[in-house]
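Structural characterization, general
These are the residues of each chain, in order.
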Amino acid sequence: MKLLRLVVLLTMIAGCILPVRAAEPLRAGVALVEITPPVPFRMSGYFFERLSTGTKDPLFARAVVFQQGKETAALVFCDLLGVPREVSAAAREKIGKTTGIPVANITITGTHTHTGPLYFTVLSDYFHDRAVAKNGTDPYDSAPYRATLIEKLVEVVSQAKAAVAPVKLTSGYAVEDRIAFNRRFVMKDGSVGWNPGAKNPNIVRPAGPTDPQVGIVLLSSLEKAEPQAAIVSFAMHLDTTGGTLYSADYVKSLSDRLQREFGPNFKTLFGTGTCGNINHIDVTRQEQRKADALGELLGDTVAKAIQGGALSSGREPALAVRSTKVMAPLQKYRPDEIAKAKANMERVGARDFPFLETVETCKIVDIERLRKFGDEVPLEVQVFRLDGDTAIVMLPAEVFVELGLAIKAASPFKTTLVVELANDDIAYIPTKQAFAEGNYEPTNSRVVRGTGEKLVEAATTLLKELH
Ligand SMILES: [Zn+2]
């Protein structure tokens, strides 16, 4: 009896000294700022010079700022092929200074649309130098676009931060298994083919999986629980438009579909899943779906999941960000191979120069550019914990789907979004197995075999630390 009284007393004292405080409310703000380049301008995505002739739909930087108590974080999703480290580092620094959000809590990613500007890396530099050598100037110089882009990134985060208000956060997955396919195939001769073409009789089976899960983080108004914005993540290459008009690719039709459902002010932020080896090409059919149909189908799936109760509120909001750097050694080439690649740059884009040689030529020249900053590339891995059940992993580069699936499988969170191309775009990060199999993506990778598995380890450690 006395013991019980003592326990009760101690509990009361503990209750006074350590009051169980209700968590601070989660606030969020979303903003969009247009980043469409001028016309004409070089476009990104393929291994030849291609000039824009107009705009199908404008390109945007889409930002969400989260705030809880003193913790703040910003995620920015840009309708761009990628965002190189030079640009993301400068932008994050400036955003940090302007908004007070810690640089480590800021992430800037490209959706990988292949109908945006070519404004960085080896091909941009090469076409620029060639124009200057020939004409003395380059009418499509990408330096002014990069400078403007950095200003717009600061602007979009500032606007999102100014818009923060208490929100209800729900999260979960939808399943979309109709539109995305592994683009590597085991062929009859034992090799691994890449985009081998519709109805190719030599296909045995896909060489790897897809990820049919669509990660959804929905932000709704606190009072009426009206959907206001969503972060949607799906693993499928944004190369479904083509041509010479600027476009956000299937993100445009996806966000249109969700606006039809949830009103014209609903905002979609698309984080590209780990789709290094995943695209929309269905080899069992001749006609391929294009951006408009793909976004519409994906939007149907997301809308149904939201309305059908697939999302749930996590445990108390608990905003936190952790990050780490994986040092990835660059691949090594002999001096004669480097000299040959430099000489071969003028053949890039020529019809008689084989595709994989084109890819390797650009890769070797780009590695030498990267080596100026060191023999290893710092690959930043960030984890954003939004509540006790929801986390977003941000990875650099174009990551193979198996690696994203491994992170999700190891994550202790109920809902884990794994988004690629964050803060740096240094082409592909294949699995160890894919490096052994070869073909396009391993040829177009600048880092050594095993880098992808290290990213999985780093992300998994951070997820466990935060859970
Ligand atoms: Zn790609």
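1. Examining the overall build of the protein
Looking only at helices and strands, one finds 12 helices and 22 strands in the protein. Radius of gyration (C-alpha) of the protein: 23 Å, near the 23 Å computed for a compact globule of 467 residues. Along the three orthogonal principal directions, the C-alpha set of the protein runs to about 90 × 50 × 45 Å. The long-range share in the protein, meaning contacts at least 24 apart out of those at least 6 apart in sequence, stands at 79%.

2. Quick notes on the pairing of strand E6 (residues 165-175)
Direction of pairing for strand E1 (residues 27-34) relative to E6: antiparallel, over a ladder of two bridges. Of the residues in E6, the one forming a bridge with Ala28 is Ala165. The sheet contact formed by E6 and strand E11 (residues 213-221) spans nine bridges and is antiparallel. Paired with Val167 across the two strands is Ser221, which belongs to E11.

3. Quick word on the sheet that holds strand E17 (residues 317-329)
Across the sheet, four strands lie side by side as E17-E18-E19-E21; this open sheet has mixed pairing. Of all the strands in the sheet, just E17 and strand E21 (415-419) have a single pairing partner and so form its edges. Mean inter-strand twist for the sheet, computed between neighbouring axes without regard to direction, equals 15°. Pairing of strand E19 (residues 390-394) with E21, which is carried by five bridges, proceeds in the parallel orientation. Counterpart to Val393 in the pairing with E21 is Val418.

4. Digging into helix H5 (residues 250-262)
If you check H5, its first and last C-alpha atoms are 18 Å apart, about what 13 residues at 1.5 Å a residue would give, namely 18 Å. Those residues of H5 lying buried are Tyr250, Val251, Lys252, Ser253, Leu254, Ser255, Arg257, Leu258 and Phe262. On its buried side, H5 packs onto strand E12 (227-234), strand E14 (267-272) and helix H6 (291-307). One or two positions beyond H5, positive phi appears at Gly263, with a value near 105°.

5. Considerations on the packing of helix H7 (residues 335-344) against helix H8 (residues 355-371)
Packing of H7 against H8 leaves a shortest axis separation of 8 Å and a crossing angle of 115°. One way to sum up the angle between H7 and H8 is to call them roughly perpendicular. In this structure, the crossing between H7 and H8 has a hand that is left-handed. Here Glu337, Ile338, Ala341, Lys342 and Asn344 of H7 come into contact with H8, specifically with Thr361, Ile364, Val365 and Glu368. Tallied by class, the residues present in the contact of H7 with H8 amount to four nonpolar, two polar and three charged.

6. Some words on the sheet that holds strand E10 (residues 203-206)
Spatially, three strands are ordered E9-E8-E10 in an open sheet, and the strand pairing comes out antiparallel. Both edges of this open sheet fall to strand E9 (192-194) and E10, since each of them pairs with a single strand only. Sheet twist, expressed as the average angle between the axes of neighbouring strands with direction ignored, equals 40°. Two strands pair when backbone bridges link them, and strand E8 (residues 184-187) and E9 are joined in this way by three bridges, in the antiparallel orientation. Each residue of the ladder has a partner; that of Arg184, found in E9, is Trp194.

7. Things to note about the environment of Met345
Take Met345: it is sitting in the loop between H7 and H8. C-alpha separation for the pair Met345 and Gly29, spaced 316 residues apart in sequence, amounts to 45 Å. Leaving out residues up to four positions away in the same chain, Met345 has contacts with Tyr126, Thr361 and Val365.

8. A short note on the packing of helix H2 (residues 85-99) against helix H4 (residues 143-162)
Look at H2 against H4: their axes get within 9 Å of each other, and the N-to-C directions meet at 40°. In this view, H2 runs oblique relative to H4, as classed from their interaxial angle. Every pair of crossing elements has a handedness; the one defined by H2 and H4 is right-handed. Contacts between H2 and H4 involve Val87, Ala90, Ala91, Lys94, Ile95, Thr98 and Thr99 from the former and Arg146, Leu149, Ile150, Leu153, Val154, Val157, Ser158 and Lys161 from the latter.

9. Some points on the nonpolar core
Formed by 126 residues in total, the largest nonpolar core has its most connected members in Ala63 and Val393. Residues within four places of Ala63 in sequence aside, it is in contact with Val30, Ala31, Ala74, Leu75, Val76, Val156, Val157 and Ala160.

10. Description of the confidence of the model for the protein
Per-residue confidence for the protein gives a mean pLDDT of 94; residues scoring 70 or more make up 95%. Across residues 6-21 the pLDDT falls below 50, and counting only partners more than four positions away or on other chains, this stretch makes zero contacts in the model.

Criteria and thresholds
- Residues numbered from 1 in each chain as written.
- Predicted model: local features only at pLDDT ≥ 70, side-chain atom pairs only at ≥ 80, totals over all residues.
- Helix = DSSP H or I, 4+ residues; strand = E, 2+ residues; numbered from the N terminus.
- Rg over C-alpha atoms; globule rule 2.2 N^0.38 Å.
- Contact = placed C-beta atoms within 7 Å.
- Pairing = 2+ DSSP bridges.
- Axes fitted to C-alpha atoms, helices over the stretch in contact; angles between N-to-C directions.
- Expected span 1.5 Å × (residues − 1).
- Buried ≥ 20, exposed ≤ 12 C-beta atoms within 10 Å, placed from the backbone.
- Parallel < 35°, antiparallel > 145°, perpendicular 65-115°, else oblique.
- Left-handed = near helix turned anticlockwise from the far one by under 90°.
- Nonpolar A, V, L, I, M, F, W, Y, C, P; charged D, E, K, R; others polar.
- Core = buried A, V, L, I, M, F, W, Y, C linked by C-beta atoms within 7 Å.
- pLDDT = per-residue confidence, 0-100.

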